[in-house]
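# Inside the fold
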Amino acid sequence: MIHKTNQTSLKAEQAGDTSYEYYDVHSDKTNLNGSGVYVNGGQEVGAWCEVDKTEGKFFVNKSLRIDNEQMVLGNFADYCKIQYPNVTFTEFERVDVAAI
């Protein structure tokens, strides 16, 4: 499961009619930390990155429809690269969050 490690949004942005917020997250499955972009008033994770020292991976919640998805994901990728400047993001995967 992916969950927020803080309840205060680190940053909020707007893409067209879509508002979204960034939070620190933790993956129980991999035991890795990272960042997540939440939509629907901060209730659902749309995408997240997991970071392991110098390597990172992006995940997108395939069971959630995100308006303006391309822009939201592009902004989120830029955010992660700034947050983790020494990390190389090498993978991208669409996953069913309910199955994690």
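Scroll up a little and you will see the structure.
What you see is a predicted model, and the numbers here were worked out from it, not measured in a lab. For every chain, the first residue of the written sequence is number 1, and numbering continues from 1 onward in sequence order. Totals for whole chains, interfaces and linings use every residue, but because this is a predicted model, local features are given only for residues with pLDDT of at least 70 and side-chain atom pairs only at 80 or more, for both listing and counting. To obtain the side-chain values, all non-hydrogen atoms of the structure were used and water was disregarded.

## A closer look at the packing of aromatic side chains
Aromatic pairs are defined between Phe, Tyr and Trp rings, using the six-membered ring for Trp, whenever the two ring centres lie within 6.5 Å; interplanar angles under 30 degrees are classed as stacked, those over 60 as edge-to-face, and all others as tilted. Considering all chains together, one arrives at seven aromatic pairs under this definition. On the numbers, 5.9 Å between centres and 65° between planes, the contact of Tyr 20 with Tyr 22 is edge-to-face. Here the aromatic rings of Phe 58 and Phe 76 are separated by 6.3 Å at their centres, their planes lie at 70°, and the arrangement is edge-to-face. A residue pair is termed long-range when its members are at least 10 positions apart, and Phe 58 in strand S6 (residues 55-61) and Phe 76 in helix H1 (residues 69-83) qualify at 18 residues. Here Phe 58 matches Phe 76 in class, with each residue buried. Helix and strand assignments come from DSSP, with helices taken as H or I runs of at least 4 residues and strands as E runs of at least 2, each series counted from the N terminus. Think of it in three bands: residues with accessible area under 20% of the maximum for their type are buried, residues over 50% are exposed, and the middle band is partly exposed, with areas taken using a 1.4 Å probe on protein chains only.

## Notes on the pairing of strand S2 (residues 11-15)
For two strands to be treated as a pair, DSSP must find no fewer than two bridges joining them. Sheet topology note: the S2/strand S3 (residues 18-27) ladder contains five bridges and is antiparallel. Within the sheet, the bridge partner assigned to Ala 15 lies in S3 and is Thr 18. Hairpin connection between S2 and S3: a loop of two residues separates the two successive antiparallel strands, and Gly 16 in this loop has a positive phi of roughly 65°.

## A short note on the environment of Phe 58
Exposure remark for Phe 58: the relative accessible area of 12% places this residue in the buried category. C-alpha of Phe 58 to C-alpha of Ser 35: the two residues are 23 residues apart in sequence and 9.7 Å apart in space. What makes two residues a contact is simply this: any of their non-hydrogen atoms within 4.5 Å. In this structure, Phe 58 is in contact with Trp 48, Cys 49, Phe 76, Ala 77, Cys 80, Phe 89, Glu 91, Phe 92 and Glu 93, ignoring residues within four places of it in sequence.

## Observations regarding the nonpolar core
By nonpolar core is meant a set of buried Ala, Val, Leu, Ile, Met, Phe, Trp, Tyr and Cys residues that side-chain atoms within 4.5 Å join together. Judged by nonpolar contacts, the single largest core of 21 residues is most densely connected at Cys 49, Phe 76 and Phe 89. When contributions to this core are tallied by element, the ones reaching two or more residues are S3, strand S4 (32-39), strand S5 (44-52), S6 and H1. Per element, the largest residue contribution to this core is six residues, and it comes from H1. For Cys 49, the contacting residues outside a window of four places in its chain are Val 25, Asn 33, Gly 34, Ser 35, Lys 57, Phe 58, Phe 76, Cys 80, Tyr 84 and Phe 89. Listed in part, the nine residues of the second largest apolar core include Ile 2, Val 45, Trp 48 and Phe 59.

## Observations concerning H1
For H1, which comprises 15 residues, the first-to-last C-alpha distance of 21 Å matches the rise-based estimate of 21 Å (1.5 Å per residue) to within 8%. Among all positions of H1, only Val 72, Leu 73, Phe 76, Ala 77, Tyr 79 and Cys 80 are buried. What you see down the axis of H1 is that its buried residues fit within an arc of 160°, all on one side. Exposed side chains of H1 directed beyond 90 degrees from the buried face belong to Gln 70 and Ile 82. On its buried side, H1 packs onto S2, S3, S4, S5, S6 and strand S7 (88-95). Given the number of residues in a helix, its expected span is that number minus one, multiplied by 1.5 Å. What the arc covers is the set of directions going from the helix axis to the C-beta atoms.

Function-wise, these values are silent; they only describe arrangement.
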